[in-house]
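Okay, here's what each chain looks like letter by letter:
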Amino acid sequence: MPAPPPLTGLVVLELAGLAPGPFAGLLLADAGATVVRIDRPTKPDGRRAPPPAADLLTRHKTSLAIDLASARGAALLAALARRADVLIDPFRPGVLERLGLGPAVLCAANPRLVYARLTGFRRDGRFRDMAGHDINYLAVSGVLGMLGRAGAPPTPPGNLLADFAGGGAVLVVGVLMALLARAGSGRGQVVEGNMVDGAGYLASFARLARATPLWDRGRGENLLDSGCPYYDTYETADGGWMAVGALEPKFFAELVRGMGLDGQGWEGRRHDRECWAEMRKVFEDVFRRKTRDAWERVFEGTDACCTPVYDFGEMATDKRKEGDQRPAVTLRETPCLAVGKDASDASHGQGPGVAGEGHVGFLLGPGHGGEATLKEWLGWTRGRQFELEDGGLVLKETAKI
């Protein structure tokens, strides 16, 4: 019988935001932390729209609707922060300070609090007062300039690299380090992340490799960035795609054997850049002769490093494509919570799971489930410690907490 998830008992206050902040909260929630999203309330007369309702990263979370611009609403958040382990601040620098909820105030009231702050640009950089999105953070980090094919503009990888990897995931690494430090010192601390530094750090290998033959050429002209014909994607007869990554000699030999190209001398010429254009043309022609499924049958079980390119739609309906979503890592003794609804395999996650197998997101309405969380966490109930005012929860003025 597995033990509870590793972050069981940890309480996280996630101030509602978009993308990286919710993703950080999701990582902690999937690991068993109690994550409460703090949403802006919808006023009774509809004067204020709901919070970032497009957020689908709500698995295992609940919500409290609190108007932080209200003195009593801010007082309620401060009271909760005095008892929480982690607070996630996704706002621009200075926003929470102006509300009297900055780290100087909350960390003084709760010395064990890990106050995690995430911005796009550096807090001390020349872009700090500017708005931005993933593409902008990648641009000024130097990473975007490396992405894309030769002769084409830099190509942003959706908002995966800065928002989620360099932002949310890196922030969680900082939170976990701060919690480890707290285990020894008894004190929390401020954790500051930004997506420029996070993305830049993720690109450490590529940046250092620029001084080597591995990555010393322009965008799209190197071994791992689509410059090399045996590290690229190829269209198949039915419009599908195969991904080729046959870098090592034995893998390359398996690749050309599966393609019916062995014995033509390609194995001895693979490092010769002068023949790469010819090799690419041959590969393109050969891959177009079969469907993606046919090529999958050719290479399945081999060391050719040649695999089909799946899309999430087909993965959601075909378990053979390993589309069932699981926690990011497997902890054998304290597995994280299940991502899909089937939590029977404790080696990959335990219950309760969620519907949708990780391919369907669900909106979390302002205030949904939050009061039940407060009762379970602190024993607080509406009318005693807090009450409803103008659509949002506020600290009850006569509450003894």
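Residues numbered from 1 in each chain as written. Predicted model: local features only at pLDDT ≥ 70, side-chain atom pairs only at ≥ 80, totals over all residues. Heavy atoms only, no water.

1. Description of the overall build of the protein chain
Here comes step 1: Each helix and strand counted, the protein chain has 14 helices and 11 strands in total.
Here comes step 2: Dimensions of the protein chain, computed from C-alpha atoms along their principal axes, come out at roughly 85 × 50 × 50 Å.
Here comes step 3: Per-residue burial for the protein chain yields a buried fraction of 44% across its 401 residues.
Here comes step 4: Accessible area of the protein chain: about 20,000 Å², with a carbon and sulfur share of 55%.
Here comes step 5: Averaging the locations of the 48 positively and 49 negatively charged side chains of the protein chain gives two centres separated by 6 Å. (Helix = DSSP H or I, 4+ residues; strand = E, 2+ residues; numbered from the N terminus. Buried < 20%, exposed > 50% of the residue type's maximum accessible area, 1.4 Å probe, protein only. Areas by Shrake-Rupley, 256 points an atom, 1.4 Å probe, with all protein chains shown as cover. Lys, Arg positive; Asp, Glu negative; His and termini not counted. Charge placed at Lys NZ, Arg CZ, Asp CG, Glu CD.)

2. Here we look at the state of the cysteines
Here comes step 1: In this structure the tally under the stated criterion is 0 disulfides.
Here comes step 2: As a non-bridged cysteine, C305 has C306 as the owner of its nearest cysteine sulfur, 8.9 Å distant.
Here comes step 3: Under the relative-accessibility criterion, C306 is labelled buried at 6%. (Disulfide = S-S within 2.5 Å.)

3. Topic: the sheet that holds strand 8 (residues 241-245)
Here comes step 1: Spatial strand order, 7-8-9: 3 strands in an open sheet with antiparallel pairing. The sheet is open, and its two edges are formed by strand 7 (231-235) and strand 9 (306-308), each paired on a single side. Looking at each pair of strands side by side, their axes are set apart by 25° on average, direction ignored.
Here comes step 2: The pairing of strand 7 with strand 8 spans 5 bridges and is antiparallel. (Pairing = 2+ DSSP bridges. Axes fitted to C-alpha atoms, helices over the stretch in contact; angles between N-to-C directions.)

4. Focus on helix 2 (residues 71-81)
Here comes step 1: Burial analysis of helix 2 places 9 of its 11 residues in the buried class, which makes it a mostly covered element.
Here comes step 2: Among all positions in helix 2, only R72, G73, A74, L76, L77, A78, A79, L80 and A81 are buried.

5. Focus: the environment of P154
Here comes step 1: Its location among the elements puts P154 in the loop between helix 5 (134-141) and helix 6 (160-185).
Here comes step 2: Among the residues examined, P154 registers a relative accessible area of 35% and is labelled partly exposed.
Here comes step 3: In this structure the C-alpha to C-alpha distance between P154 and V143, which are 11 residues apart in sequence, comes to 9.5 Å.

6. So, the packing of helix 9 (residues 249-258) against helix 12 (residues 292-299)
Here comes step 1: Two elements in contact, helix 9 and helix 12, have axes separated by 10 Å at closest approach and are oriented at 130°. Judged by the angle between their axes, helix 9 and helix 12 are oblique. Between helix 9 and helix 12 lies a crossing whose hand is right-handed. Contact with helix 9, carried on its side by E254, L255 and G258, involves W295, V298 and F299 of helix 12 and no other residues of that element.
Here comes step 2: Across the contact of helix 9 with helix 12, the residue classes break down as 4 nonpolar, 1 polar and 1 charged. (Parallel < 35°, antiparallel > 145°, perpendicular 65-115°, else oblique. Left-handed = near helix turned anticlockwise from the far one by under 90°. Contact = heavy atoms within 4.5 Å. Nonpolar A, V, L, I, M, F, W, Y, C, P; charged D, E, K, R; others polar.)

7. Here we look at the nonpolar core
Here comes step 1: Judged by nonpolar contacts, the single largest core of 31 residues is most densely connected at V12, L28 and V86.
Here comes step 2: Those elements that place two or more of their residues in this core are helix 1 (20-30), strand 4 (86-89), strand 5 (114-119), helix 5, helix 6 and helix 7 (195-202).
Here comes step 3: Sort the elements by how many residues they give to this core and helix 6 lands first, with 6 residues.
Here comes step 4: Once residues lying within four places of it in the same chain are set aside, the contact partners of L28 are L7, V12, A33, V35, I88, V172 and L176.
Here comes step 5: V36, L64, L96 and L374 belong to the second largest nonpolar core, which has 28 residues in total. (Core = buried A, V, L, I, M, F, W, Y, C linked by side-chain atoms within 4.5 Å.)

8. What to know about the pattern of salt bridges
Here comes step 1: Under the defined criterion, the tally for this structure stands at 26 salt bridges.
Here comes step 2: Note that R117 and D89 form a salt bridge whose closest N and O atoms lie 3.5 Å from each other. Here R117, found in strand 5, pairs with D89, found in strand 4; they are 28 residues apart in sequence, far enough to count as distant.
Here comes step 3: Residue classification places R117 among the buried positions, given a relative accessible area of 5%. (Salt bridge = Lys/Arg side-chain N within 4 Å of Asp/Glu carboxyl O.)

9. Concerning the packing of aromatic side chains
By convention here, two paired aromatic rings are described through the distance between centres and the angle between planes.
Here comes step 1: The tally for this structure, following the rule as stated, stands at 9 aromatic pairs.
Here comes step 2: Pairing F23 with F164 gives two aromatic rings, centres 5.4 Å apart and planes at 90°, and the pair type is edge-to-face. Residue F23 is located in helix 1, and its partner F164 is located in helix 6; the two are separated by 141 residues in the primary sequence.
Here comes step 3: Residue F164 is classed as buried on the basis of its relative accessible area, which comes to 17%.
Here comes step 4: Over the face of the ring belonging to W295 we find K290, whose NZ or CZ atom lies 5.5 Å from the ring centre. (Phe/Tyr/Trp six-rings, centres within 6.5 Å; stacked < 30°, edge-to-face > 60°. Lys NZ or Arg CZ within 6 Å of the ring centre and 35° of its normal.)

10. Some words on the sheet that holds strand 1 (residues 11-15)
Here comes step 1: Read from one edge to the other, the open sheet built from 6 strands follows the order 3-2-1-4-5-6, with strand pairing classed as parallel. Bordering the open sheet on either side are strand 3 (61-65) and strand 6 (190-194), each of which pairs with just one other strand. With direction set aside, neighbouring strand axes in the sheet form an average angle of 20°.
Here comes step 2: In the packing of helix 6 onto the sheet, contacts are made with strand 4, strand 5 and strand 6, and the angle to strand 5 comes to roughly 160°.
Here comes step 3: The strands touched by helix 14 (residues 370-378) are strand 1, strand 2 (34-39) and strand 3; relative to strand 3, the strand with the most contacts, the crossing angle is about 105°.

11. Overview of the environment of G100
Here comes step 1: Considering the arrangement of structural elements, one finds G100 in the loop between helix 3 (95-98) and helix 4 (103-109).
Here comes step 2: What makes G100 partly exposed here is its relative accessible area of 37%.
Here comes step 3: Considered as a pair, G100 and A69 are 31 residues apart in the sequence and their alpha carbons are 9.9 Å apart.

Keep in mind these numbers describe shape, not what the thing actually does.
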